[in-house]
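Below are the chains, spelled out letter by letter.
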Amino acid sequence: MMTVHEVSELTGVSVRALHHYDRIGLLHPTEVTAAGYRLYDETALERLQYLLLFKELQFPLKEIQEILDSPNFERNRALEQQITLLQMKKEHLENLIDFARGIKAIGVKKLDFTAFDTKKLDEYARQARKSFGQTPEYKEFEEKSKGRTRQEEQTINTELMGILAGFGRMQKTDPADEAVQARVKKLQAFITEHFYTCSKEILLQLGRMYAGGGAMTENINEVGGEGTAEYACKAIEAYCR
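Heads up: these notes are all about the structure in this document. Note that this is a predicted model, so its numbers are computed, not measured. (Residues numbered from 1 in each chain as written. Predicted model: local features only at pLDDT ≥ 70, side-chain atom pairs only at ≥ 80, totals over all residues. Heavy atoms only, no water.)

## Things to note about the nonpolar core
Phe 167, Leu 187 and Ile 191 are the most contacted members of the largest nonpolar core, which totals 30 residues. When residues of this core are traced back to their parent elements, those giving at least two are α8 (150-165), α9 (178-194), α10 (200-210), α11 (214-224) and α12 (228-240). Per-element accounting of this core gives the leading share, seven residues, to α12. With residues near it in sequence (within four places) discarded, Phe 167 still touches Val 180, Arg 183, Val 184, Leu 187, Thr 228, Tyr 231, Ala 232 and Ala 235. (Core = buried A, V, L, I, M, F, W, Y, C linked by side-chain atoms within 4.5 Å. Buried < 20%, exposed > 50% of the residue type's maximum accessible area, 1.4 Å probe, protein only. Helix = DSSP H or I, 4+ residues; strand = E, 2+ residues; numbered from the N terminus. Contact = heavy atoms within 4.5 Å.)

Structure (structure tokens):
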């Protein structure tokens, strides 16, 4: 057993944060002594590891709790999802480094983009599904997509990419501009209608995924132009504030 101060020293998580996790039911101590000291065993520390991984991936605390408390929670599957998203973040950082080095070496150049194909679109959908795992949103997505033909799926995804591509034409406009915010609202409504109930918390997470590198960022930037995914993320952040 470890005290709250020992856990804090081991993990880098502040005592205050550990107390907060206890209050909201996210991470209870294994035992509380008669003197009021919180004690944590290996099972609690294992839960804390998953908590911190999801937090690193910018999952809201409420959603982390729902995932960890779900009877369908599978540790290996969760780790696979977390590894995928961490790889996407790593790729994003590597792309930024390469981009910065390119500017330093040869300056800014015009880039050419080709339309996305079905393979990339399927990868886009696969990554989105994996990121939500067994959450209620994922189950709702499964229910709404049940019985759709491949053509219907492609039509919906093409419309979604069309909405996202529209942000590319607005990049010179302040992300908080009324017209830009109207497009964010349209995006939110479209996701709710065709995929799952898109709360502001989920929309904010999606925006960060759009700009996080990997297939999602590439697909959006190919249809909307360089920087579209990053701009859409900024517009979504302004909307969610």
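## Remarks on the side chain of Gln 188
Among the secondary structure elements, Gln 188 is positioned in helix α9. The buried category is assigned to Gln 188, whose relative accessible area is 13%. Beyond its immediate sequence surroundings of up to four residues, Gln 188 is in contact with Cys 198, Ser 199, Lys 200, Leu 203 and Tyr 239.

## Examining helix α3 (residues 42-56)
The end-to-end C-alpha distance of α3 is 21 Å, a good match for the 21 Å that 15 residues give at a rise of 1.5 Å each. Taken from the residues just after α3, Gln 58 is the one with a positive phi, measuring 70 degrees. (Expected span 1.5 Å × (residues − 1).)

## Topic: the sheet that holds strand β3 (residues 38-40)
Spatial strand order, β1-β3-β2: three strands in an open sheet with antiparallel pairing. Strands with a single pairing partner mark the edges of an open sheet, and in this sheet they are β1 (2-3) and β2 (31-32). Alignment of β2 against β3, held across two bridges, turns out to be antiparallel. Bridge pairing in β3 links Glu 31 to Leu 39. (Pairing = 2+ DSSP bridges.)

The values are spatial; any link to function lies outside them.
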